[in-house]
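Residue strings, one per chain:
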Amino acid sequence: MTLNLTAEYKMLLALASKAQKNAHAPYSNFQVGAAIIDENAQLHASCNVENAAYPLGQCAEAGAISAMIASGSKQIKQILIASPNDDFCPPCGGCRQKIAEFADAQTEVHLATKNGQVKTVKFAELLPLAFGFET
Ligand code: THU
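Remember, predicted model here, so these are calculated numbers, not experimental data.

Participant: Got a minute to help me understand the site of the ligand in this structure?
Facilitator: Taken together, Ser28, Phe30, Val32, Asn48, Glu50, Cys59, Ala60, Glu61, Cys89, Pro90, Pro91 and Cys92 make up all the residues around the ligand. In this structure, Glu61 approaches the ligand through a side-chain N or O atom, which is 2.5 Å from an oxygen atom. Within the complex, 77% of the 380 Å² of free accessible area of the ligand lies under protein.

Following this line, the structure appears as structure tokens:
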């Protein structure tokens, strides 16, 4: 368990928690929030958005990445995922690949629980041997 109470962490947590309250998760009842700080020190947040056609639902991380890209930024410096309960909510496999597109090995991934615990890992720990083209 890493206690990380930097100013950036606090901002990420506040934004992710705010978005989490707006999650549309009537099918799973599992509300997630995500927030990113990018290479321009801009913040972006989103929540999961489910759909009656279940496979069309979108994870919180994907929404936050879309917001970052729409704003003109390209690099995830830190990303925080706010869990709705007392367990960590690590990104799903698909989201790890989506994060990989805009992250590097050193990108910090903060996993925050409802009761205030946090675990911070480097992205390389979450997706070793990630697929990617050299561009
Ligand atoms: N979910 C996320 O938004 N992020 C994750 O990292 C894991 C899962 C969402 C997808 C779905 O709406 C709900 O949580 C239950 O899986």
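Participant: For this particular structure, what's the right way to read the layout of surface pockets?
Facilitator: Unfilled space is identified by rolling a water-sized probe across the atoms. Estimated volume of the largest pocket: approximately 330 Å³. Residue classes in the lining of the largest pocket are distributed as 6 nonpolar, 4 polar and 3 charged.

Participant: Is there a simple way to think about the nonpolar core in this case?
Facilitator: Grouped burial of nonpolar side chains is what soluble globular proteins tend to show. Membership of the largest hydrophobic core comes to 20 residues, with the highest contact counts inside it found for Ile36, Ile76, Ile99, Val109 and Phe123. For this core, the elements supplying multiple residues, two or more each, are strand S1 (33-38), helix H2 (60-71), strand S3 (76-82), helix H3 (93-100), strand S4 (108-112) and helix H4 (123-126). Looking at this core element by element, the count peaks at 4 residues for H2. Once residues within four sequence positions are removed from consideration, Ile99 is found in contact with Glu61, Ile65, Ile76, Ile79, Pro91 and Phe123. Residues Leu12, Ile37, Ala82 and Ala112 belong to the second largest nonpolar core, which totals 9 residues.

Participant: Help me understand the pattern of salt bridges, please; the structure alone is not making it clear to me.
Facilitator: When the charged atoms of two side chains lie near each other, side chains of opposite charge can form a pair. Taken as a whole, this structure holds 1 salt bridge when the rule is applied. For Lys122, the salt bridge goes to Glu108, with nearest N and O atoms at 3.6 Å. Of this pair, Lys122 sits in strand S5 (residues 118-122) while Glu108 sits in strand S4; the two residues are 14 residues apart in sequence, bridging distant segments of the chain. You can call Glu108 partly exposed: its relative accessible area is 23%.

Participant: What am I meant to see in the side chain of Glu50 here?
Facilitator: Tracing the chain through its elements places Glu50 in the loop between strand S2 (43-47) and H2. Here the side chain of Glu50 touches Ser28 through a polar contact of 2.5 Å, side chain to side chain. Residue contacts for Glu50: discarding those within four places in its chain leaves His24, Ala25, Pro26, Tyr27, Ser28 and Gly57.

Participant: Hey, could you run me through the pairing of S2 in this one?
Facilitator: Where S1 lies against S2, 5 bridges are found, and the strand directions are antiparallel. Among the inter-strand pairings, Gly33 is bridged to a residue of S2, identified as Cys47. Linking two consecutive strands that pair antiparallel, namely S1 and S2, is a turn of 4 residues; a positive phi of about 60° is found at Ala41 within it.

Participant: In this structure, what is going on with the environment of Lys122? I would like to understand it.
Facilitator: Its relative accessible area of 31% is what places Lys122 among the partly exposed residues. As for Lys122 and Ala105, which are separated by 17 residues in sequence, their C-alpha atoms are 6.4 Å apart. The contact partners of Lys122, leaving out residues within four places of it in the chain, are Ala105, Gln106, Thr107 and Glu108.

Participant: I keep staring at H3 and nothing clicks. Help me out?
Facilitator: Residues spaced three or four apart along an α-helix face the same direction, because each turn holds 3.6 residues. Residues Cys95, Arg96, Ile99 and Ala100 constitute the buried set of H3. Taken down its axis, H3 places every buried residue within 145° of arc, on the same side. Against H2, S3 and H4 lie the buried residues of H3.

Participant: When you look at the pairing of S3 in this model, what are you seeing that I'm missing?
Facilitator: On any regular strand, side chains alternate: one points to one face of the sheet, the next to the other face. Buried residues dominate S3, accounting for 6 of its 7 residues. Pairing geometry for S1 and S3, over 6 bridges, is antiparallel. Each residue of the ladder has a partner; that of Ile36, found in S3, is Ile79. For the crossover that starts at S3, traverses H3 and ends in the parallel S4, the hand is right-handed.

What counts, and at which threshold
Residues numbered from 1 in each chain as written. Predicted model: local features only at pLDDT ≥ 70, side-chain atom pairs only at ≥ 80, totals over all residues. Heavy atoms only, no water. Near = heavy atom within 4 Å. Polar contact = N/O pair within 3.5 Å; in protein donor to acceptor, adjacent residues only side chain to side chain. Areas by Shrake-Rupley, 256 points an atom, 1.4 Å probe, with all protein chains shown as cover. 1 Å grid on protein atoms, 1.4 Å probe; cavity = no way out; pocket = protein on both sides within 12 Å on 5 of 7 lines; lining within 4 Å. Points joined across faces, edges and corners; volume = space filled by probe spheres on them. Nonpolar A, V, L, I, M, F, W, Y, C, P; charged D, E, K, R; others polar. Core = buried A, V, L, I, M, F, W, Y, C linked by side-chain atoms within 4.5 Å. Buried < 20%, exposed > 50% of the residue type's maximum accessible area, 1.4 Å probe, protein only. Helix = DSSP H or I, 4+ residues; strand = E, 2+ residues; numbered from the N terminus. Contact = heavy atoms within 4.5 Å. Salt bridge = Lys/Arg side-chain N within 4 Å of Asp/Glu carboxyl O. Pairing = 2+ DSSP bridges. Arc of directions from axis to C-beta. Right-handed = clockwise from strand over helix to strand, strands pointing away.

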